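Here is what each chain is made of, one letter per residue.
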Amino acid sequence: MSEPEYLEATRRSYDAVAQEYADLFRGELREMVFGRGFLGSFAEMVRAAGGGLVVDAGCGPGQVTALLRLELGLDAYGIDLSPEMVALARREHPEVRYEVGDLRALDVADGALAGLVSWFSFIHVPPADLDTVWAEFRRVLAPGGMVVLAFQVGDQPFHLDEAFGRSLDLDYQRWRPEHLGQQLSEAGFRVEAQLVSQPRVDADGPGLSLPFGYLMARMPD
């Protein structure tokens, strides 16, 4: 079965700008105080439930995966649609595992994960395909397993066709936390927390001038 066109467009776009993207956002996670706090809370809840394997689905250049594993002590690894992003993540964080993969079809056994992170990655999935994503997250998470989402807050999608002097074909979906929370609830998750942080005054770039949203949910026990 052929994959959706948006997947190939997303892969090709990130392959084209992997190094430039990583350089641009290299220090962003250090400045995301609320986001790091959310990840810290996620790590505490995973450990409190007994720990286990965690996947960073759509890991990009690998900073979040490295934080989860090296600083927060989780048994975490990253997957990304872009082979160039995965190769870059492996070079920059050789002590962390990274694999090429699709968050809609994870190479993980049923119920094998204690936690799953989608950090500004599911935002490239069209709304009509999100039910597939939530169903896959439910499949791979163990009872009581945690999921964390990070996204740009807004109502209108955004299309990027050029960056770093390269032609791209990237669609960004923006979401309201209450709408995502409703979707997750309808998919069978229990929403535990949500947070919106305002953008930095010096933020510049696609989506950086928008508030960031964070949402944490749990699989039923």
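Refer to the preceding data block for the structure.
Note that the structure is predicted; figures quoted are calculated from it, not measured.

Asks: For this particular structure, what's the right way to read the nonpolar core?
Replies: It is characteristic of soluble globular proteins that their nonpolar side chains tend to be buried jointly. One finds Phe42, Leu68, Leu116, Trp119, Phe122, Trp134 and Phe151 to be the most contacted residues of the largest nonpolar core, which totals 66 residues. Ranked by residues supplied to this core, first place goes to strand S5 (residues 141-152) with 7 residues.

Asks: Hey, could you run me through the pattern of salt bridges in this one?
Replies: Oppositely charged side chains are able to pair whenever their charged atoms sit close together. Applying the stated criterion across every chain yields a total of 15 salt bridges. Salt-bridge contacts for Arg90 lead to Glu99; the nearest nitrogen and oxygen are separated by 3.3 Å. Glu99 sits in the partly exposed class, given a relative accessible area of 31%. One salt bridge in this structure joins Arg218 and Glu192, with 3.1 Å as the shortest N-O distance. Of this pair, Arg218 sits in strand S9 (residues 212-218) while Glu192 sits in strand S8 (residues 190-197), placing them 26 residues apart in sequence. Accessibility expressed as a relative area gives 14% for Arg218, which makes it buried. Here Glu192 falls in the partly exposed class, since its relative accessible area comes to 31%.

Asks: Sorry, what's going on with the pairing of strand S2 (residues 75-80) here?
Replies: For a regular strand, side chains alternate in direction, first toward one face of the sheet and then toward the other. In terms of burial, S2 is largely enclosed, as 5 of its 6 residues are buried. Pairing of strand S1 (residues 53-57) with S2 involves 5 bridges; the strand directions are parallel. Bridging across to S2, Val54 finds its partner in Ala76. Crossover handedness for the path S1 to helix H5 (residues 63-71) to S2: right-handed. Pairing analysis gives 3 bridges linking S2 to strand S3 (residues 98-100), with the strands arranged parallel. What sits directly across from Asp80, in S3, is Val100.

The rules behind these values
One numbering rule holds for all chains: residues counted from 1, following each sequence as written. Totals for whole chains, interfaces and linings use every residue, but because this is a predicted model, local features are given only for residues with pLDDT of at least 70 and side-chain atom pairs only at 80 or more, for both listing and counting. To get the side-chain values, all heavy atoms of the structure are used, and hydrogens and water are removed first. By convention a nonpolar core is built from buried Ala, Val, Leu, Ile, Met, Phe, Trp, Tyr and Cys residues, the set being connected through side-chain atoms within 4.5 Å. Here the term buried applies to any residue with accessible area under 20% of the maximum for its type, exposed to any over 50%, and partly exposed to those in between, with areas from a 1.4 Å probe on protein chains only. Helix numbering and strand numbering both begin at the N terminus, where a helix is a DSSP run of H or I of at least 4 residues and a strand a DSSP run of E of at least 2. Salt bridge, as used here: a side-chain nitrogen of Lys or Arg that lies within 4 Å of a carboxyl oxygen of Asp or Glu. Strands qualify as paired when DSSP identifies two bridges or more between them. Classification remark: right-handed applies to a crossover when, strands pointing away from the viewer, the course from the first strand over the helix to the second runs clockwise.

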